[in-house]
Amino acid sequence: MSDNTAKPATTDTATDNTKASKRILTGIKPTGTLHLGNYVGAIRPAIESIQNSDDEAFFFLADYHGIIGCYDPAVIHESTKSIAATWLACGLDPERVTFYRQSDVPEIPELAWVLNCSCAKGLMNRAHAYKAAVDVNVDNDVDADLGVTMGLFGYPVLMAADILMFNATHVPVGRDQVQHIEMARDIAGTFNHRYKPLFTLPNAVVDDDTPLLTGLDGRKMSKSYGNTIPLFGEMNPQVSSEKQMHKAIMKIVTNSQLPDEPKDPDDSAIFEIYKAFATAEEVAVMREAFTTGIGWGDAKQALFDKINTEIAPFRERYEQLMNNPKELEEILQMGADKARRHSRKQLDKTRRAIGIRPLAKLK
Ligand code: TRP
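Residues numbered from 1 in each chain as written. Predicted model: local features only at pLDDT ≥ 70, side-chain atom pairs only at ≥ 80, totals over all residues. Heavy atoms only, no water.

(A) Broad picture of the overall build of the chain. Looking only at helices and strands, the chain features 13 helices and six strands. For a compact globule of 363 residues, the expected C-alpha radius of gyration is about 21 Å, and the chain comes in at 23 Å, within 12% of that figure. Expressed as lengths along the three principal axes of its C-alpha atoms, the size of the chain is roughly 85 × 50 × 40 Å. Expressed as a percentage of its 363 residues, the buried residues of the chain come to 48%. The contacts of the chain with a sequence gap of at least 6 include a subset with a gap of at least 24, amounting to 79%. (Helix = DSSP H or I, 4+ residues; strand = E, 2+ residues; numbered from the N terminus. Rg over C-alpha atoms; globule rule 2.2 N^0.38 Å. Buried < 20%, exposed > 50% of the residue type's maximum accessible area, 1.4 Å probe, protein only. Contact = heavy atoms within 4.5 Å.)

(B) Spatial organisation of the pairing of strand S4 (residues 98-101). Burial along S4 is two-sided: the residues Thr98 and Tyr100 and Phe99 and Arg101 are all buried. Relative to S4, strand S3 (residues 56-61) is paired through four bridges, and the arrangement is parallel. Each residue of the ladder has a partner; that of Phe58, found in S4, is Thr98. (Pairing = 2+ DSSP bridges.)

(C) Layout of the packing of helix H4 (residues 107-116) against helix H13 (residues 325-354). One can describe the packing of H4 onto H13 by two numbers: an axis separation of 10 Å at closest approach and a directional angle of 25°. Between H4 and H13, the interaxial angle falls into the category roughly parallel. Relative to H13, H4 is oriented so that their crossing is left-handed. Within the contact between the two elements, H4 uses Glu107, Glu110, Leu111 and Val114 and H13 uses Arg340, Ser343, Arg344, Leu347, Thr350, Arg351 and Ile354. Taken together, the residues that form the contact of H4 with H13 break down as four nonpolar, two polar and five charged. (Axes fitted to C-alpha atoms, helices over the stretch in contact; angles between N-to-C directions. Parallel < 35°, antiparallel > 145°, perpendicular 65-115°, else oblique. Left-handed = near helix turned anticlockwise from the far one by under 90°. Nonpolar A, V, L, I, M, F, W, Y, C, P; charged D, E, K, R; others polar.)

(D) Examining the domain arrangement of the chain more closely. By the assigned domains, the chain splits into domain 1 (23-213 + 324-353) and domain 2 (223-321). The centre of domain 1, based on its C-alpha atoms, is set 32 Å off from the matching centre of domain 2. Both sides together, the interface formed by domain 1 and domain 2 hides about 1800 Å², and carbon and sulfur atoms give 62% of it. Counting the surface domain 1 buries against domain 2, the share from its top three residues, His35, Leu36 and Ala89, is 31%. Linking domain 1 to domain 2 there are two salt bridges. Our count for the domain 1 to domain 2 interface comes out at ten residue pairs in polar contact (both at pLDDT 80 or more). Elements with a minimum of two residues in the side of domain 1 that touches domain 2: helix H1 (36-51), helix H3 (73-89) and H13. Of the residues that constitute the side of domain 1 that touches domain 2, the class distribution is 14 nonpolar, seven polar and two charged. (Domains from an automatic or database assignment. Buried area = accessible area lost by both parts, 1.4 Å probe. Salt bridge = Lys/Arg side-chain N within 4 Å of Asp/Glu carboxyl O. Polar contact = N/O pair within 3.5 Å; in protein donor to acceptor, adjacent residues only side chain to side chain.)

In structure tokens:
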């Protein structure tokens, strides 16, 4: 892990930041189901890094971010459920981590409004996601703001509220989100300067070591390319999720080399994905098998077995949770309770700082 910005600037009055030196917070947008690339690149490293530290951690489902650009209520609902179940099944401990749904903490959108009122519009004009949407329109010779909602435009402000609400010091994100963290620092700085130093300036943490997986067709594994290996697959009574994973792996594109022909491991998606799941010794054995000519079918089977050893126990828990939404809901409500212990106080301080408070104490 590498911090890509300066040390956290904790202010004297910053709240709730005394127990642990680091407070880690990250949001997960619930759109769609997750694939092996998400597991290797985000879920597994996040869960491992929490297990191996005593930092405070806040993980949440950013459902109010999810509705930006996704107008299908069923997709929002189902993916919130499935993504919550995925993280829990993969070992996220809701006792250890404050795990909640953004929409269960109404103080967050309330804080977003307050931040909106001191955030310069010009800052939002520079956001990559917004600019990309405008560029597409300009290229297509249509109105520059066609399809651009205030939600998309203000996306970084809601994200700043997510982070500043809890005075997070470290925010693990993908590269594409670094600009948003910088904007959160900017927004915090403006507020702190104008009113009172209430908010800690967060640092983006970008992990350059996690592998980027190749997809079935040789391009980067990505939902938008439709080339993914599903992590748990679709819930389907006809085809078990284990079978779905097996089927996807068997579809990995290879060249037409015959069994027994020596193969180049470093030019193979199978070997590359294998490396993300195997020990160094197992990788060395597989490298040798490639050079002595393992058949593609056997290599794929070995890959499936390796992945399945790690995923099968999680899959069982995933299916249990998916079939028991009440248990999921209880876990999320417990998380919301924990989160709101912080957010109520932080919002109260914020409101007082801007001059919004009761006129008098009533008995
Ligand atoms: N914007 C993030 C993404 O698309 C998700 C997110 C929302 C988030 N709020 C956040 C990430 C706060 C980190 C911190 O991936």
